[in-house]
Amino acid sequence: MDPDDSTETTPSALSVSPKPQLALGRYSLGARLGAGAVGSVFQATDTTNGNPVVVKFFDGQEDGFSPWATEMRLVLRFKHANIVPCLDTGYDDVYKLWVLVFEHAKGGSLRRLLASGKQLTALQIARILCDTAAALAYAHAQGVVHRDVKPENIVAQREGEDSPWLLTDFGSGRFLARGEVTRSLAGSLEYMAPEILTTGATAAVDQFALGVMGLELWLGRLPPHRERAEQVALLRGSSGLIGVIARLAAADPEHRFHSMGEAAVVLSQTLDRM
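Trainee: So what exactly am I meant to see when it comes to the packing of aromatic side chains here?
Mentor: The relation between two aromatic rings is expressed through the spacing of the ring centres and the mutual angle of the planes. Enumeration over the complete set of coordinates arrives at 4 aromatic pairs. With 5.8 Å between their ring centres and 90 degrees between their planes, phenylalanine 42 and phenylalanine 57 make a pair best called edge-to-face. Within this pair, whereas phenylalanine 42 is found in strand S3 (residues 39–46), its partner phenylalanine 57 is found in strand S4 (residues 52–58), the two being separated by 15 residues in sequence. The class of phenylalanine 42 is buried, set by a relative accessible area of 2%. By the ring-pair criterion, three or more aromatic residues cluster together here, those being Phe42, Phe57 and Tyr95.

Written as structure tokens, this is what we have:
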């Protein structure tokens, strides 16, 4: 089946009838979880074993298929404890759409946790950042930059404070060789590294986004750009977790860690000391 055929069906094809509809002949669709520029996401159940899963359809426009195809290539190569596993993929002949199927993370997103008003401890923040950095370091080792690190894309594997945190949604990700630069805009503006608008993006943009997210967790809110810069300048060189966060969020990529792998090691050491 030609991938471009997927653009012939509009998002209305995903309206769920009173009787459960199967995606890829196997996954019974439930509630719609959300929709982005190129994909609609549904709760679903794997009818072969009863396990909950998440089904993502490509129902965007034709010019959105390239990033979708890239996401398919990315997620299928990942096998890491802190990345949401992709379980299945294929073209659905009923919906006339391409499909990705992911493991269901039962603990909900980090954004949902923040919206609940819960104040996180330094230890909890360190665990979240450590898990996310480990996932990013692995992705970077595969030649992949995420480009959209934010609380919406960090999910708890299960309920409970001891749950591992997982990175998801590589829809903005791309292959980027060491030293390569991309000038295409992607991701969320609030977490976007400043060099993207000037010299272009390298893998260091994921460090910046992780640092901004760390500041958000530390302060309990996302500071505006001017305050963020002031906080980073004030905290740069501090010991402990907040010093690591400030280094990650440095405006100049030369002031961040040499690699996400190094950042992950430092975060792990910081967590151990706590």
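Trainee: Help me understand the sheet that holds strand S2 (residues 27–35), please; the structure alone is not making it clear to me.
Mentor: Two pairing modes exist for strands in a sheet, parallel and antiparallel, and in both the strands are linked by backbone hydrogen bonds. The sheet built from 6 strands is open, its strands ordered S1-S2-S3-S4-S6-S5 with antiparallel pairing. Two strands lie at the open edges of the sheet, namely strand S1 (22–23) and strand S5 (86–92), each paired on one side alone. Sheet analysis places S2 next to S3, joined by 6 bridges and oriented antiparallel. Note that in S3 the partner of glycine 34 across the bridge is valine 41.

Trainee: What exactly am I supposed to notice about the environment of glycine 34 here?
Mentor: Mapped onto the elements of the fold, glycine 34 is located in strand S2. On the accessibility criterion, glycine 34 (26% relative accessible area) is partly exposed. Along the backbone, glycine 34 and lysine 56 are 22 residues apart, and their C-alpha atoms lie at a distance of 9.5 Å. Other than its neighbours up to four places away in sequence, glycine 34 contacts Gly39, Ser40 and Val41.

Trainee: Even after reading the chapter, I still don't get the side chain of serine 40, so can you show me in this structure?
Mentor: Structurally, serine 40 can be placed in strand S3. Polar side-chain contacts of serine 40 include one of 2.8 Å to the side chain of arginine 32.

Trainee: Just to check I follow, could you spell out the sheet that holds strand S10 (residues 165–167) for this structure?
Mentor: Taken in spatial order, the 3 strands make up an open sheet running S7-S9-S10, and their pairing is antiparallel. Each edge of the open sheet carries a strand with a single partner, namely strand S7 (108–109) and S10. Judged from the 3 bridges that link them, strand S9 (residues 154–156) and S10 form a sheet pairing that is antiparallel. Across the sheet, isoleucine 154 pairs through a bridge with leucine 167, a residue of S10.

The rules we used
Each chain has its residues counted from 1, following the order in which its sequence is written. Only residues with pLDDT of 70 or above have their local features reported here, since the model is predicted, and side-chain atom pairs are shown and tallied only from 80 upward, although totals for entire chains, interfaces and linings are computed over all residues. Hydrogens and water molecules were not included; the side-chain quantities draw on all heavy atoms of the structure. For Phe, Tyr and Trp, where Trp contributes only its six-membered ring, two rings pair if their centres lie within 6.5 Å, and the inter-plane angle classes them as stacked under 30 degrees, edge-to-face over 60, or tilted in between. Secondary structure is summarised from DSSP: a helix means a run of H or I of at least four residues, a strand means a run of E of at least two, and numbering begins at the N terminus for each. Burial classification: accessible surface area is computed with a 1.4 Å probe over protein chains only, and a residue below 20% of its type maximum counts as buried, one above 50% as exposed, and the rest as partly exposed. Two strands qualify as a pair provided that DSSP identifies no fewer than 2 bridges between them. We call two residues in contact whenever any of their non-hydrogen atoms come within 4.5 Å of each other. Any N or O atom pair separated by 3.5 Å or less is treated as a polar contact, with the protein-specific requirement of one donor-capable and one acceptor-capable atom, and with residues adjacent in sequence counted only for side-chain atom pairs.

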